[in-house]
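Architecture at a glance
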Amino acid sequence: MNRKQIVFFSGLLAILLAAGGAVFWWQKADWGTSSKKVGEKLIPDLIVANVAQIRISEGADKVTVKRVEGKWSVEERKNYPANIDRIADFLAKLADLKNTQAETLPESQRARLQLVEPKGGDTKDSGVLVELFDDAGKPIGKLLLGKRVFMQAQTTAPTKGAPQATGRYVVGSDPSVMSVINDTLSNAEAKPGVWLFRDLIRVSGAKSMEWVSRSGKPGWRVVRESETKDWRFADSAEKIDNNKVQDIVAVLLYIALGDVEVEEGKGGF
């Protein structure tokens, strides 16, 4: 390599270094550095017992789960009883959420990360808004859930399988800061049906079963001494097909509702 070539490549390297530095400082100026520390709770001082209302909005969908006189219900389903286990699990997750990454969020990046608050039917670039209130209706917490963070599983070959969602971009108490959490919060759904208490029939330890016609006329009746014993007719020595009876019992063990239909203008179900 002659002297002219050395001078040329040295100049080219200097230009590339300068350009790289300019890009670095531009990105740094755009994103900035947040004062939030990794490991800090996303909803500071949240006390689960103080939450009396959860409101979740996504596009045109909305659900309001509230506690009145110690009982949780779904407002959009005429205050039908809500699923307490789901509520407890959801609030426990919110109370334990911590930052795994935090950066200043420029307005130019909100749409890309779906960190735009939902407004009516406009779902473009909007996220899922979670709001918490106390029993007086005072706001005590707010989260805007954006895009999920995906990562290829280590046990999966790069060319096989889909990446797994491992976290989510969120905006917490400070609207100017974008955080990353290590939970997708998939149960933050703005669908009233999924928040209902879904147990319709739950039977355990049945020892007798009877069929009655629509007219009220008694039909057959079967009994058993315990769950480990065979079924038999209560008033007959006739042989019974235990498999058929057990199939009927299995159907009745647990029946869950999918949703509740509210009759418009009648105030009932």
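Before any of the text, the structure's been laid out above.
Attention in this report is confined to the structure presented alongside it. (Residues numbered from 1 in each chain as written. Predicted model: local features only at pLDDT ≥ 70, side-chain atom pairs only at ≥ 80, totals over all residues. Heavy atoms only, no water.)

Moving on to the sheet that holds strand S6 (residues 128-133). Spatially, the 9 strands line up as an open sheet ordered S4-S3-S2-S1-S6-S7-S8-S9-S5, and their pairing is antiparallel. Every other strand in the sheet has two partners, leaving strand S4 (80-81) and strand S5 (101-104) as the edge strands with one partner each. The sheet contact formed by S5 and strand S9 (residues 177-181) spans 4 bridges and is antiparallel. Looking across to S9, one finds that Ala-102 is bridged to Ser-179. (Pairing = 2+ DSSP bridges. Helix = DSSP H or I, 4+ residues; strand = E, 2+ residues; numbered from the N terminus.)

Here the focus is a nonpolar patch on the surface. Judged by side-chain polarity, Val-203, Trp-211, Trp-220, Ile-248, Val-251, Leu-252 and Leu-253 come together as a nonpolar surface patch covering roughly 590 Å² of accessible area. For the nonpolar patch, the leading source of residues is helix H4 (residues 242-253), giving 4 residues. Along the chain, Leu-253 falls in helix H4. (Patch = residues over 30% accessible without salt bridge, like charges linked within 9 Å, V, L, I, M, F, W, Y side chains within 5 Å. Areas by Shrake-Rupley, 256 points an atom, 1.4 Å probe, with all protein chains shown as cover. Salt bridge = Lys/Arg side-chain N within 4 Å of Asp/Glu carboxyl O.)

Position of Ala-206 relative to the elements: it lies in the loop between strand S10 (199-202) and strand S11 (208-212). Spatially, the C-alpha atoms of Ala-206 and Arg-224 are 8.4 Å apart, while their sequence positions differ by 18 residues. Filtering out sequence-adjacent residues up to four positions away, Ala-206 remains in contact with Arg-224 and Trp-231. (Contact = heavy atoms within 4.5 Å.)

Here Phe-150 shows up in strand S7 (residues 139-151). You can call Phe-150 exposed: its relative accessible area is 52%. Between the alpha carbons of Phe-150 and Arg-168 there is a distance of 8.5 Å; along the sequence they are 18 residues apart. (Buried < 20%, exposed > 50% of the residue type's maximum accessible area, 1.4 Å probe, protein only.)

Compared with the 16 Å implied by 1.5 Å per residue over 12 residues, the 16 Å span of H4 between its first and last C-alpha is a close match. Here H4 starts with a cap whose side-chain oxygen sits 3.1 Å from the backbone nitrogen of Asn-243, and that cap is Asp-241. (Expected span 1.5 Å × (residues − 1). Polar contact = N/O pair within 3.5 Å; in protein donor to acceptor, adjacent residues only side chain to side chain.)

Attention shifts here to unusual backbone geometry. In this structure, Glu-69 takes a positive phi of about 55° despite not being glycine. Relative to the elements of secondary structure, Glu-69 occurs in the loop between strand S2 (61-68) and strand S3 (71-74). Overall, Glu-69 belongs to the exposed group, its relative accessible area being 79%. With a phi close to 55°, Lys-78 is a non-glycine residue in the positive phi region.

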